[in-house]
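Spelled out from the first residue to the last, the chains are:
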Amino acid sequence: MSLPQLHYTSVGSGDGVPAGRFTAVDPAIPGPVRAEAAPLLAYDAPADTPERLTDARLRALPMAFGYVTLSDGSHLLSRTVATGAGRFHAHAVHLLPGTPIPGRVLPVAAWGAAGWLSTTPDRMLPDPLTSMSTTHGPSRGLTREGLGDFAVSRGPWLAAVLSDLRRVSEDPSAPPVVLVERQSADVARWVALATAVLPPEDAERLTFTTYTRHPGRTSHQVVGVLPEDAPDVRDPRFRVHTASGQGPTGTVDDVWAVTAARIWRSRSPELFRAAAELPGEPFAAGPLAVTALGAGIALGSAERAAAADWAAVRPYALDEKGIGQLTDALTVPADDRTAAECAAALRLLTALDGRCPAAVTAPLAALLVTEAVRGGDVTLEPPARSAFAEPAGERALAALVEELGDELLAELSAGVPRGVARTVQLLRITRLLGVDCAELLPGVVSRLARALLDDPEAGACPTLPDLLDEQFDVRTALLGELDRLAPDHPTDTERLLLRAPLPFTGTQTLPHLRMCAEAPGAKARGADRLEILHTVLRAAGMSPFTEPLVLRTAVGLVWGENPPTAGEARSLLGETTSDAHRTAGTWARLVDAALAAPAGDDDAAELAHDLLRGFPQEIGARIRACLLLLDFARDLRSGTAEPGWVDRARTLRSRAEPAEAPAVEHAFGALAERLLAPGRPEEELYAFVHSGDEDLIAAYGGAARREAVLALLRTDPAYVADCFTVWNAHPHAGSDWTRTRTALLEEVLRPAVRALSPEGLAAAEQAVEREGSSRTLDAFRAWNRPARSIGRLGRRIVGRVRRG
């Protein structure tokens, strides 16, 4: 039974627009289909087509051969040819929805069918599809050999075109693929190449036309145009491919398309049918790549990785011969092998291990070991030892030792420049190959431990736990070395353990590592720092008296690089003997705490006193002088300081140069407080006033402005008199003293006196007279007397000055 056909022939429209009429239509084709088909069948000759055409020029005009889906779901397969200047004839076959082409051939196979007519027949002849040969091969240029030649000639563009054709097959909304060719037969060849590769369902649905002048007006997925009608390659509405001139730049990331292109360029289209019989999703690259490698076609690294990954997921999908061919292809020497390919090969080896003989797995394992040693991927894991079982595996292993053993030892002995991951990788490979590196192990482990502490983030290396699980001697040595280094690098060790859960729960004591593991939780509980210290010390399982270094680790974990407060340091020193701090080296942190304490911290002086007694041999001369300044402040405040305060303070400061500023503030502040206190020795005051020491006088000026002094001035008339007498005396003691005493009289004493009640002022005047004499009282009253008004004349003068 013949399929419904129609013929559509050009007629003059008078306005230059191609038009036509149906000259023969099968009655089974409804009117809406004819109306929709008419513009699809119209033909617009190329722009430079002359009015008069020779037979040769007429035959050279492009042919519009197309397959399209209509709105009702039916299909139209048509061929439109030019029959003269401005004239054309279209012959089409209508396929109802769900109706396949006879013989299940693909639409493009009808390109060269003999039944296509260029004129309307007197009677409806059998349609071209039914009368076409039932063989599945293409004809008239679409032969296997012809398509192979075409694929080779279009090799640079082949993968990109196939990738875009895949996209339009998967996504109906994707931009159509525009193929720029001078011959419409070449567009048909492109479609034939694509349909041989696409899954059968997608190949049958692919719509195309080999020629149009208006690619934006068609609904075809593949559109052929002449170069003069090609859209701009930057037009987002199209994916334009001009298969002429210089090849395209860049690479195609579609592994399926790249693999298919390699198969076509190898003139092996039968492999597409073989690949289609293998399990896998549509457009999966794995089946294509496995089939190509089995046929001896060279593929790139990405395609080889796809083949290995596919076979790793389906280790039973290939027979013994197929597995052997695949592993042979994967182990061929290659310069482009990537980390992704090696990782895929390892997954394949893992899937085959125990299922295939060593003759199959050993070469693949040997490749991975060689790539791990000589390649650049430090994350590549060595294969399992079982891959080298049986005599064939043992021979492969012996060959690897002969080839790589010296390289492994040389790199391990010289120090691994690529850090933790590389060291772990090499240690695992040496164990796999049985290479003896016992003499090198202490140095390797030492460098590995230091690398982990230098970069704790490297502790997240995913293969480090595997190394420690596999090699007990390495684990013991590494944990011991980390525990030894932890007292000097406690915070780094703590950060390392947060990223690398090291297995130190065995028989090793490892007190420092246990402390570092406990510290984050103790800090998270929000306890004060001394409580955190006690918690981490308990985690050590050892007393600071028997193992003082745990004290160094604990202090580093709790305070880091910062010193403790003076109060915390006093507790540390009080809870633990000076001997423990001396051995642990933490006495220096206590000294830092004393020297960094602010001036108002009363614990600093007491701490300094204890440090001077506890560490007489360890403290150097300058630091001793700084601590003595703090101890001197303690003596001043307790009233036990020997006479000669000023000389003592200045002498200690000179010995401490460059003196720690807080220590000087403590000592000079305490001295100033004593000089401002009632009942201070006059000789000490005199020595201070005439010292000319700028810092000491400044400390005195600052102390005189404190609330304790101001409170006395408000409540004690005798203190007011004493301050007035001192601050009004010694006018020739030096410029620093003069500036300070003047400022104190004006800024401290005068506001306090002005605020006194009349009774308080009278009491202050009596005290001034008792402190000095009647002349002193007169001076006090004159100093306290308000300034006179400037008077009327003065105000007039001031006003003129202001107006001026």
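Bear in mind that the values here come from a model prediction, so they are computed numbers and not experimental data.

Conventions and cut-offs
Within each chain, residue numbers correspond to sequence positions counted from 1 in written order. Totals for whole chains, interfaces and linings use every residue, but because this is a predicted model, local features are given only for residues with pLDDT of at least 70 and side-chain atom pairs only at 80 or more, for both listing and counting. Computation of side-chain values: all heavy atoms of the structure, hydrogens and water removed. Numbering of helices and strands runs from the N terminus, with a helix taken as a DSSP run of H or I at least four residues long and a strand as a DSSP run of E at least two residues long. Each residue is assigned to one of three classes by its accessible area relative to the maximum for its type, calculated with a 1.4 Å probe on protein chains only: buried under 20%, partly exposed between the two thresholds, exposed over 50%. Residues count as neighbours in contact if any of their non-hydrogen atoms are within 4.5 Å of one another. Working convention for charge: Lys and Arg count positive, Asp and Glu count negative, and His plus the chain ends are omitted. Charged side chains are reduced to one point each, which is NZ for Lys, CZ for Arg, CG for Asp and CD for Glu. Only the six-membered ring of Trp is used, alongside the rings of Phe and Tyr, when aromatic pairs are assigned; centres must lie within 6.5 Å, and planes under 30 degrees apart are stacked while those over 60 apart are edge-to-face, with the rest tilted. Each residue carries a pLDDT value, the predictor's own confidence for that position, ranging from 0 to 100. Think of it this way: DSSP has to see at least two bridges between two strands before they count as a pair. Salt bridge, as used here: a side-chain nitrogen of Lys or Arg that lies within 4 Å of a carboxyl oxygen of Asp or Glu. Only the stretch in contact is used when fitting a helix axis, every axis being a line fitted to C-alpha atoms; angles between N-to-C directions are given from 0 to 180 degrees. Put simply, angles under 35 degrees are roughly parallel, angles over 145 are roughly antiparallel, angles from 65 to 115 are roughly perpendicular, and the rest are oblique. Each crossing is labelled by how the near helix is turned from the far one, with a counterclockwise turn of less than a right angle marking it left-handed and a clockwise turn marking it right-handed. Ten residue types, Ala, Val, Leu, Ile, Met, Phe, Trp, Tyr, Cys and Pro, are classed as nonpolar, four, Asp, Glu, Lys and Arg, as charged, and the remainder, Gly among them, as polar. Identification of polar contacts relies on pairs of N or O atoms within 3.5 Å, with a donor-acceptor requirement for protein atoms, meaning one able to donate a hydrogen and the other able to accept it, and with residues adjacent in sequence counted only if both atoms are side-chain atoms. Definition used in this section: a nonpolar core is a set of buried Ala, Val, Leu, Ile, Met, Phe, Trp, Tyr and Cys residues joined via side-chain atoms within 4.5 Å.

Colleague: How should I be thinking about the overall build of the protein in this particular structure?
Modeller: The helix and strand inventory of the protein stands at 38 helices and nine strands. Structurally, the protein occupies a C-alpha span of about 150 × 95 × 40 Å along its principal axes. Each of the 804 residues in the protein was classed as buried or not, and the buried ones make up 49%. Residue pairs in contact within the protein that sit at least 24 positions apart in sequence constitute 68% of those at least 6 positions apart. Here the protein holds 83 positive side-chain charges and 102 negative ones, and the gap between their average locations is 8 Å.

Colleague: What am I meant to see in the packing of aromatic side chains here?
Modeller: Geometrically, a pair of aromatic rings is defined through the distance of the ring centres and the angle of the planes. This structure, assessed with the given rule, holds 18 aromatic pairs. Note on Y67 and F208: the rings are 6.4 Å apart at their centroids and 35° apart in plane angle, and the pair reads as tilted. Residue Y67 is found in strand β3 (residues 64-69), and its partner F208 is found in strand β7 (residues 208-209); the two are separated by 141 residues along the sequence. By relative accessible area, Y67 is classed as buried at 5%.

Colleague: Looking at this model, I keep getting lost on the confidence of the model for the protein. Mind explaining?
Modeller: Predicted coordinates in regions of low pLDDT should not be interpreted in detail. Scored by pLDDT, the protein comes out at a mean of 91, with 95% of its residues at no less than 70. Across residues 134-138, where pLDDT falls below 50, the model places five contacts with residues more than four positions away in sequence or in other chains. Ignoring residues within four places in sequence, the model shows residues 789-804, a span with pLDDT below 50, making three contacts including any to other chains.

Colleague: Help me understand the sheet that holds strand β2 (residues 19-25), please; the structure alone is not making it clear to me.
Modeller: Sheets are built from strands paired through backbone hydrogen bonds, the pairs being either parallel or antiparallel. Within the open sheet, the nine strands sit side by side as β2-β1-β5-β4-β3-β7-β8-β6-β9. Their pairing is mixed. Looking at strand neighbours, the two that pair on one side only are β2 and β9 (239-242), the edges of this open sheet.

Colleague: How do you make sense of the pattern of salt bridges when you look at a structure like this?
Modeller: Counted under the stated rule, the structure contains 56 salt bridges. The partner of E270 in a salt bridge is R144, and the shortest N-O contact between them spans 2.7 Å. Here the residue E270 occupies a position in helix α9 (residues 270-276), and R144 occupies one in helix α4 (residues 144-153), the gap between them amounting to 126 residues. Residue class for E270 comes out partly exposed when judged on its relative accessible area of 28%. Among the residues examined, R144 registers a relative accessible area of 43% and is labelled partly exposed. R234 is the partner of D232 in a salt bridge, and the nearest nitrogen-oxygen pair spans 2.9 Å. Each of R304, D336, R337, E341 and E371 takes part in a single network of salt bridges with overlapping partners.

Colleague: Would you take a moment to explain the packing of helix α5 (residues 155-170) against helix α6 (residues 184-197) for this structure?
Modeller: Working note: a packed helix pair is described by the angle between its axes plus the distance between those axes. Where α5 meets α6, the axes come as close as 10 Å, and the angle between the chain directions of the two elements is 70°. Of the possible angle classes, the one that applies to α5 and α6 is roughly perpendicular. Between α5 and α6 the crossing geometry is right-handed. Across the interface between the two elements, W157, L158, V161, L162 and L165 of α5 pack against W190, L193 and A194 of α6. For the contact of α5 with α6, the residue count by class is eight nonpolar, no polar and no charged.

Colleague: Please clarify how helix α34 (residues 717-727) should be interpreted in this entry.
Modeller: In an α-helix, one turn spans 3.6 residues, which is why side chains three or four residues apart end up on the same side. Counting buried positions over the 11 residues of α34 gives eight, a clear majority of the element. Those residues of α34 lying buried are Y719, V720, A721, D722, C723, F724, V726 and W727. Structurally, the start of α34 carries an N-cap: the backbone nitrogen of A718 is 3.0 Å from a side-chain oxygen of D716.

Colleague: I would appreciate a short explanation of the pairing of strand β8 (residues 222-225) in the present structure.
Modeller: As a general feature of sheets, a regular strand has side chains that alternate between the two faces. Of the two faces of β8, the one holding V222 and G224 and the one holding V223 and V225 are both buried throughout. Examined bridge by bridge, β7 and β8 share two bridges and lie parallel to one another. Across the sheet, residue F208 finds its bridge partner in β8, namely V222.

Colleague: Just to check I follow, could you spell out the nonpolar core for this structure?
Modeller: Across soluble globular proteins, you tend to see nonpolar side chains buried next to one another. By size, the foremost hydrophobic cluster in this structure holds 233 residues, and its most contacted members are L464, F688, Y700 and W727. Look past the residues within four positions of W727 in its chain and what remains in contact with it is L676, Y700, A704, W737, R741, L744, L745, V748 and L749. Core analysis: the second largest hydrophobic core is formed by 20 residues, L6, A37, A38 and V68 among them.

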